[in-house]
Structures are given as C-alpha cells and as structure tokens.
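Residue-level listing of the chains:
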Amino acid sequence: MEIDLREHWFLGGVEIPGRLVLAPMAGVSVQAFRRQGRRYGAGLVCSEMVSVAGIQHRNERTLGYLRVAADEHPLAIQIFGSEPGAMAEAARLVEAAGADIVDMNFGCPVRKVTKTGAGASLLDDAGLACRLVEAVAGATSLPVSVKMRRGVANGSRTCLEVGPRLVEAGAASLTLHPRSARQMYTGTADHSLTAELVSLVDVPVIASGDITSRARAQAVLASTGAAAVMVGRAAQGNPWALREIMGDEREPTREEVAAELVLFIRETVRELGERRATGFLKKFYGWYLGRGRFPRPLKQELVQLPTVGDVERRLLSEAPGARFVLERLLDELPDPADEVLLDSLPISLYGGG
Ligand SMILES: Cc1cc2nc3c(=O)[nH]c(=O)nc-3n(C[C@H](O)[C@H](O)[C@H](O)COP(=O)(O)O)c2cc1C
C-alpha cells in the first residue's frame, strides 16, 4: 500500500504539512534553496549548520544565516557547537529570528568541526551531548531536534544508545543519517538502524540518506516507521526530485529548468550580494543543467562568464520560452519584503557582504 506523503505530522507543537523534509546542506541550503524546496513539496526545510561561535562573536556572515523568509515556514535552523551556554544563547537568537524549530548538529564528520568537540564527535560523548540538548531545550520555547550519524566509527551503533538519552534530555525529534562519520558519504545509508531507532523512542524520527526517488522514499518509510524522509543531494539543482517523490512524475521542460535557475540566481544575489553569489552559484549550474537537460558545454560556458547577468542572458537565449515560465513564477512568489529580520542585526547584512 502506498504511504501518503501529504499526511501532516507534529514535531513538538509544530505541524509539518507533509512527510518530505529538505536536508540541511552547508554551502547549499540558502534561503532561495529552502523556499524552492517548500514550493516543490517539502513539508519542512532546514538551514545549513550555523556556527554557535560565529553567533557569539556576532559574525556578520553567520548572522546572515539566521534570515527567515515568510514563505519558508515551517523552518528549522541548525546550530553546531560544543559549549552548553553558547548553544543556549544561540537557540534564543534562532527563536528571535523567527525559526520554528532549533535543530542541533551531532552529525557533521568534517575535521574542522569535530576537532572542536562539535558535530559527530558528540556521539562519543553522550554526557556532553545530553547537557547540550538540555541547555538548548531549556533556553527556547521552540521544539528542539537533533540530527546525527550512526556513530563515529564504521559499523557503530552508538546512535541507538545515545538517541533515547537525547530524547530524555529534551529532544522532540531525531533525524538519523545512518552512515558513520568515518564513512563521510561513501557506502550506503543503513536504514535498518533507523527502524531500530524508531522502535526505541517515542518521538518522530526522520530518515536521511540515499532517498533519491518516490520508490525509495516509500520503501524507507514503510520499512522504518519513520515520520518523514529527508532528501539532500538528490534535490541539488533538482527540485523536480521533490515533486517526483511527492507523486508528480513529470520531467521538467528545458524552459522550466532555465526559469528556475534564473529565479534561483536572482534570489541568491538578493540574499548574498552579487560578489558572494557569483562564486556560490557556479556549482549549481552543473546540477541544474546536467541529467541530459542541456548540452554539456553550456555549463562550461556559464561558469566562465564574468557576471551573473551574463549567465541569465545566456540561459534565456538557450531557452527563450523560459521568460514566460519565469514571469509566472515571479507572479506566484510573495513579496520579498516579508522577511523577518532581527532588529539588532547590522544593516550592511542585508546587502550580503
Ligand atoms: C554538501 C553537503 C552539505 C551538508 N551539510 C550538512 C549540514 O550543514 N548539516 C547537517 O546536518 N547535514 C549536512 N549534510 C548531510 C545531509 O543533510 C544528509 O544527511 C546527507 O547528505 C545524506 O542524505 P542524502 O543522501 O539525501 O544526500 C550535508 C550533505 C552534503 C552533501
């Protein structure tokens, strides 16, 4: 029997309108990506991991990650750190910024993060991990969720010991990406662990890892009993993967692809400023134009063009009908002025920087 991905569920007190979640991805999950994800069927979207140290130092770029748009709710903002007081303060700021959920990163395998005692290394220090969850849950009225790996070492089952303790400490939901930190992104996600975790806790569990199609989403939901599936890499430059998972199997036309990319470029420039956006966007050109949608040399051409304006003109010359799709998309979008912004943030933030 097919599982209904449109079914609503609750994360703490927050109603999530669907069982598909867009993954947090550093260097990818900007506001434009999250808003697009909501339009294509994600019931919940998540910011990339935000440094608690950066928040503490009021680092301008870090604070920029706390910008929330009116049309991306429900939204989780993910924080990473290893010091309970600083995590609590960051959680208060996340709430003030207008997020619906505070997500804590206990999964990042990158050395720069783990060597500070944050990310996946917390799975080897359950005591500290629980104190962090307690501190954050005590500091905010928002539900607190935790995203984690199966453990640090290959074959680890640590998530099954730590997970229930995190729930006791106050986590209202757990997301499991069942690869070890050591694996990084190699091998496959072992969702038999997700099923075990579901049986051990009485909060919703989100299954992350290798969900690339409707068939896979259905199989993982059915075999694990998870509340939702999370999609990461499959949605990079490909919101149509979300649409397919939600049950609409139409392949996008070239015009749709070009229009979505142009919109993504414009929105990202608005968010990051043109200088930062120019470099940030380059990886997206291959992601959007690949999968046999456009001839390969076009991507090479786009990454070499000096300005994003040139990229937009080139895309529209390659798929002229995209103009009309773009007009329709722009008509449907809410006013960008509806953003929730923290009063205390420096004004220069709004220009990107
Ligand atoms: C480029 C990239 C950046 C990521 N950044 C984060 C992050 O900031 N926080 C996090 O919890 N997970 C992060 N992840 C992990 C994803 O959220 C997800 O758990 C993982 O990619 C497995 O799902 P997938 O197979 O659908 O991609 C990242 C993954 C990728 C590929």
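Model, not experiment: these values are computed from the prediction. (Residues numbered from 1 in each chain as written. Predicted model: local features only at pLDDT ≥ 70, side-chain atom pairs only at ≥ 80, totals over all residues. Heavy atoms only, no water.)

Right, let's talk about the site of the ligand for a bit. Taken together, 16 residues surround the ligand, and among them Ala 26, Gln 78, Ser 208, Asp 210 and Arg 233 come closest. In the environment of the ligand, a nitrogen atom lies 2.7 Å from a nitrogen or oxygen atom belonging to the side chain of Gln 78. Between an oxygen atom of the ligand and a side-chain N or O atom of Lys 147, the distance comes to 2.8 Å. Look at the ligand: alone it shows 610 Å² of surface, and the protein chains cover 88% of it. (Near = heavy atom within 4 Å. Polar contact = N/O pair within 3.5 Å; in protein donor to acceptor, adjacent residues only side chain to side chain. Areas by Shrake-Rupley, 256 points an atom, 1.4 Å probe, with all protein chains shown as cover.)

The contact between helix 8 (residues 191–200) and helix 9 (residues 214–224) brings their axes to 8 Å, and the two run at 40°. Considering their axes alone, helix 8 and helix 9 lie oblique with respect to each other. Along its contact with helix 8, which presents His 191, Thr 194, Ala 195 and Val 198, the element helix 9 presents Arg 216, Val 220, Ser 223 and Thr 224. Its residues assigned to classes, the contact of helix 8 with helix 9 shows 3 nonpolar, 4 polar and 1 charged. (Axes fitted to C-alpha atoms, helices over the stretch in contact; angles between N-to-C directions. Helix = DSSP H or I, 4+ residues; strand = E, 2+ residues; numbered from the N terminus. Parallel < 35°, antiparallel > 145°, perpendicular 65-115°, else oblique. Contact = heavy atoms within 4.5 Å. Nonpolar A, V, L, I, M, F, W, Y, C, P; charged D, E, K, R; others polar.)

Quick look at the sheet that holds strand 5 (residues 75–80) now. Spatially, 8 strands are ordered 3-10-9-8-7-6-5-4 in an open sheet, and the strand pairing comes out parallel. With one partner strand each, in any of the chains shown, strand 3 (20–22) and strand 4 (45–51) form the two edges of the open sheet. The average angle at which neighbouring strand axes cross in this sheet is 30°, direction not considered. Direction of pairing for strand 6 (residues 101–106) relative to strand 7 (residues 144–151): parallel, over a ladder of 5 bridges. Of the residues in strand 7, the one forming a bridge with Asn 105 is Lys 147. The strands touched by helix 6 (residues 126–139) are strand 5, strand 6 and strand 7; relative to strand 6, the strand with the most contacts, the crossing angle is about 165°. Set on the sheet, helix 7 (residues 158–169) makes contact with strand 6, strand 7 and strand 8 (173–180); between it and strand 7 the angle comes to about 165°. (Pairing = 2+ DSSP bridges.)

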